[in-house]
Amino acid sequence: MVTPFHPDGSIDIDSAVKVANKLVNDGCDALVLSGTTGESPTTHQPEKNELVREVKAAIGDRAMIIAGAGSNDTAHAVRIAKGAQESGAEGLLVVSPYYNRPSQEGVYQHIVAVANATDLPVMVYDIPGRTGVAISDDTLDRLAEHPQIKAVKDATGNVPQGFERISRTGLEYYSGDDALNFAWLAHGGSGVVSVAGHVIASSLRALVDEVDAGDLPAARAEFTAQAPIIDAIMGGGQGAVMAKEAMKLMGVIPSAAVRLPLVGASEAEIAKLRSALQADGYI
C-alpha cells in the first residue's frame, strides 16, 4: 500500500485510512504497510508505527496488517519489527539486506534476527534487482526451518525456480511482480502482493479465486484484461509513484506527493495512465 503524503511531504493519515478501506472493500485480505511501495526507505519509525495503528484501527479484523521491516542495518530492522508488533501489525515483510552485499550467511543471520525479534509470522522478500543479493536455495532451505518464517514474496522473475522452491520448502509463495501474477498462481502460488492492486484489487481477487477453483481459462482472461493497467503502472514508471498517481486520478487521495529521491510522474506517464484508467472505466 502507498503511504499518502500532503503536498509538503508530511504523512497524510486520513488518506491512508481511505486507501486502506478502499483496498479491503475491493477484496484485499491483507495490506502491506511500509513496504517499498509505501516508500519505506524514506519514512521514519514513528510514522511507520502511526500508520500501522491508524490503519489497523480503521479496518479491524477485515484484513491482516503486514508491516515492512526492511533495512540494511540489522539492528534498525529489528527495531522496526518490534515497533510494528507493538503498533498492531500481524505479520512482517522482511527483505534481504540491500546495498551492503552481504554473504549468504549474512542474509540468513539478518532475516533470522528480525524474525526472532517478535513472535509474528514472517514473509521473506526476495528481490535481487533491488537488493543486489539473491537468496540462494541453501539459504532459503535454512530459513524455511524457522517456525515463524511462513512465506516468500518472490520478485526474482524466476517462476521455474520458485516452483521447485514451493515443492521443496513448503513455504507459501506470493507473486511480487504484477506482470507474472497469473504465472505464479498457475504454478502453485498462494496469492499476490501487488502494486497494480491499488486499481485492480477486485479483479485480482477474482483471478486468485478462479485459479483456486481450477478455472484457468477464466483466470487467463481475467489476467489479460488487467494487462493495460499493469503496464501503465509498472511498465516504465516507478511503481510507488504511479500507484499514487492512479489513486489521485481516481479521487481516492488528494495528492500524489512522494519523498525524494522519488519524483512525480512525467506528463507522458500520467497521460498513459489516465488513458488506461478511462478505457477500463476506473475514471
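Keep in mind that what you see is a predicted model, and the values were worked out from it rather than measured.

**Student:** Would you mind going over the nonpolar core in detail, with residue names and values included?
**Tutor:** Membership of the largest hydrophobic core comes to 53 residues, with the highest contact counts inside it found for M1, L31, V55 and L92. Residue contributions to this core peak at seven residues, all from helix α1 (residues 13-25). Not counting residues within four places of it along the chain, the set of residues in contact with M1 comprises A16, V19, A20, L23, L31, V32, L33, T37, G38, V55 and H198. Grouped together as the second largest cluster of nonpolar side chains are 27 residues, V199, L204, F223 and A276 included.

**Student:** Give a detailed account of the sheet that holds strand β3 (residues 91-95), specifying residues and quantitative values.
**Tutor:** Pairing in this open sheet of seven strands is parallel, and the strands run β1-β2-β3-β4-β5-β6-β7 from one edge to the other. One side of each edge strand has no neighbouring strand; the edge strands of this open sheet are β1 (30-33) and β7 (191-192).

**Student:** Hey, could you go over the UniProt feature "active site" (unreviewed entry) in the chain for me, with residue numbers and the actual values?
**Tutor:** On the UniProt side, "active site" (unreviewed entry) is annotated at positions that read Y125 and K153 here. Considering the C-alpha atoms alone, the annotated residues occupy 29 residues of sequence yet fold into one spot, their largest mutual distance being 4.7 Å. Of the residues annotated just before, the largest pocket has Y125 and K153 among its lining. Judged by relative accessible area, Y125 falls into the buried class, the value being 6%.

**Student:** Describe the pairing of strand β4 (residues 122-126), with residues and values.
**Tutor:** Counting buried positions along β4 gives five out of five residues, so the element sits mostly inside the fold. Burial of β4 is two-sided: the residues V122, V124 and D126 facing one way and the residues M123 and Y125 facing the other way are all buried. Here four bridges tie β3 to β4, and the two strands are oriented parallel to one another. Along β4, the bridge assignment pairs L93 with M123. With respect to chirality, the unit in which β3 leads through helix α4 (residues 104-116) into the neighbouring parallel β4 is right-handed.

**Student:** Hey, could you go over the pattern of salt bridges for me, with residue numbers and the actual values?
**Tutor:** Under the criterion given, the structure shown has 13 salt bridges. With a shortest N-O distance of 3.5 Å, D126 and R165 are connected by a salt bridge. You can see D126 sitting in strand β4 and its partner R165 sitting in helix α7 (residues 159-169), a full 39 residues away along the chain. The two residues D126 and R165 agree in class, both being buried.

**Student:** Let's hear about the layout of surface pockets: which residues, and what values?
**Tutor:** Approximately 1,100 Å³ is the volume attributed to the largest pocket. Around the largest pocket, the lining is made up of 48 residues, and of these A30, V32, V192, V193 and S194 lie nearest the centre. When residues of the lining of the largest pocket are assigned to their parent elements, the largest contribution, six residues, is made by helix α9 (residues 197-212). Its residues assigned to classes, the lining of the largest pocket shows 26 nonpolar, 14 polar and eight charged. Its volume calculated, the second largest pocket comes out at about 480 Å³. Forming the boundary of the second largest pocket are 27 residues, of which G35, T36, S40, P41 and Y98 lie nearest the centre. Mapped by element, the contributors of at least two residues to the lining of the second largest pocket are α3 (74-87), β3 and α5 (128-131). Within the lining of the second largest pocket, the residues separate by chemical class into 10 nonpolar, 13 polar and four charged.

Procedures and definitions
Residues numbered from 1 in each chain as written. Predicted model: local features only at pLDDT ≥ 70, side-chain atom pairs only at ≥ 80, totals over all residues. Heavy atoms only, no water. Core = buried A, V, L, I, M, F, W, Y, C linked by side-chain atoms within 4.5 Å. Buried < 20%, exposed > 50% of the residue type's maximum accessible area, 1.4 Å probe, protein only. Helix = DSSP H or I, 4+ residues; strand = E, 2+ residues; numbered from the N terminus. Contact = heavy atoms within 4.5 Å. Pairing = 2+ DSSP bridges. UniProt positions renumbered as here; feature names shortened; annotations may be inferred. 1 Å grid on protein atoms, 1.4 Å probe; cavity = no way out; pocket = protein on both sides within 12 Å on 5 of 7 lines; lining within 4 Å. Right-handed = clockwise from strand over helix to strand, strands pointing away. Salt bridge = Lys/Arg side-chain N within 4 Å of Asp/Glu carboxyl O. Points joined across faces, edges and corners; volume = space filled by probe spheres on them. Nonpolar A, V, L, I, M, F, W, Y, C, P; charged D, E, K, R; others polar.

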